[in-house]
Amino acid sequence: KEDMSQKQVRRHDLIEPDLSYKIVGVCFRAANELGPGLHEKYYQKGVAEGLRQEAIQFREQAPIPLTFSEKVIGRYFADFIIAEKIVLEIKKGNRINRQHAEQILAYLKATNLPLGILVYFGSDGVTFKRIVNIRNS
């Protein structure tokens, strides 16, 4: 007999569902352990430690070249590139911000990665949004 309260529900029609689930879990754990009201950099450090503990490969403050006519004209820096599959951006606040979503879309376009996750650490806990690179899907 299966205990429904213990059953985990995950959608498998999503891009990188298992990895996404682990990443978001690490973010919730960081928020729960650190609590509200900290600077963004401390949540980022907590998430990095959580990713290490979960043995998830990542690059932090990963440079992303911006090119024009095959020439590098600038660089973005993503908070995390996870397993060379997902861009993860950490923000402080309670609401999804359009500028932050546009920022992660620019990162996805420049990296040609399929998925971004935008995570907000706020007074109400964690809010997140999955952002799909439609050019890659």
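Before going into details, it helps to say that this report is about the structure given with it. What you are looking at is a predicted structure, and each value in this text was computed from that prediction instead of being measured.

1. Topic: the packing of aromatic side chains
Phase 1: Tallied over the entire structure, the rule returns four aromatic pairs.
Phase 2: Centroid distance Tyr76 to Tyr107: 5.1 Å. Interplanar angle 55°. Geometry classified as tilted. Highlighted residues: Tyr76 in strand E2 (residues 71–82) and Tyr107 in helix H3 (residues 98–111), separated in sequence by 31 residues.
Phase 3: Judged by its relative accessible area of 25%, Tyr76 is partly exposed.
Phase 4: In this structure Tyr107 comes out as buried when scored by relative accessible area, which is 4%.

2. Here's the deal with the sheet that holds strand E3 (residues 86–92)
Phase 1: Read from one edge to the other, the open sheet built from five strands follows the order E1-E2-E3-E4-E5, with strand pairing classed as mixed. Each of the sheet's edge strands pairs with one partner strand only, and the pair in question is strand E1 (58–68) and strand E5 (125–132). Between one strand axis and the next, the sheet turns through 35° on average, direction left out of account.
Phase 2: Relative to E2, E1 is paired through ten bridges, and the arrangement is antiparallel. Counted as the bridge partner of Phe68 is Lys71 from E2.
Phase 3: Together, E1, E2, E3, strand E4 (115–122) and E5 form the strand contacts of H3, whose direction differs from that of E3 by roughly 160°.

3. Things to note about the environment of Gly125
Phase 1: Inspection of the secondary structure puts Gly125 in strand E5.
Phase 2: On the basis of relative accessibility, which here comes to 25%, the residue Gly125 falls in the partly exposed class.
Phase 3: Residues Gly125 and Asn32 lie 93 residues apart in sequence; the distance between their C-alpha atoms is 7.7 Å.

4. Observations regarding helix H1 (residues 17–34)
Phase 1: Compared with an ideal rise of 1.5 Å per residue, which puts 18 residues at 26 Å, H1 spans 26 Å between its outermost C-alpha atoms and is within 8% of the ideal.
Phase 2: Of the positions making up H1, those classed as buried are Leu19, Ser20, Ile23, Val24, Val26, Cys27, Ala30 and Ala31. The buried side chains of H1 occupy one side of the element, clustering within an arc of 150° when seen end-on. Along H1, exposed side chains directed more than 90 degrees from the buried face belong to Asn32 and Glu33.
Phase 3: Looking one or two places after H1, you find Gly35, whose phi comes out positive at around 85°.

5. Here we look at a nonpolar patch on the surface
Phase 1: Residues Leu66, Phe68 and Ile73 make up a contiguous nonpolar surface patch of about 310 Å² in total accessible area.
Phase 2: With respect to the helices and strands, Phe68 occurs in strand E1.

6. Remarks on unusual backbone geometry
Phase 1: Even without being glycine, Ser69 reaches a positive phi, approximately 50°.
Phase 2: Mapped onto the fold, Ser69 is located in the loop between E1 and E2.
Phase 3: For Ser69, a relative accessible area of 62% gives the class exposed.

Definitions and limits used
Residues numbered from 1 in each chain as written. Predicted model: local features only at pLDDT ≥ 70, side-chain atom pairs only at ≥ 80, totals over all residues. Heavy atoms only, no water. Phe/Tyr/Trp six-rings, centres within 6.5 Å; stacked < 30°, edge-to-face > 60°. Helix = DSSP H or I, 4+ residues; strand = E, 2+ residues; numbered from the N terminus. Buried < 20%, exposed > 50% of the residue type's maximum accessible area, 1.4 Å probe, protein only. Pairing = 2+ DSSP bridges. Axes fitted to C-alpha atoms, helices over the stretch in contact; angles between N-to-C directions. Contact = heavy atoms within 4.5 Å. Expected span 1.5 Å × (residues − 1). Arc of directions from axis to C-beta. Patch = residues over 30% accessible without salt bridge, like charges linked within 9 Å, V, L, I, M, F, W, Y side chains within 5 Å. Areas by Shrake-Rupley, 256 points an atom, 1.4 Å probe, with all protein chains shown as cover. Salt bridge = Lys/Arg side-chain N within 4 Å of Asp/Glu carboxyl O.

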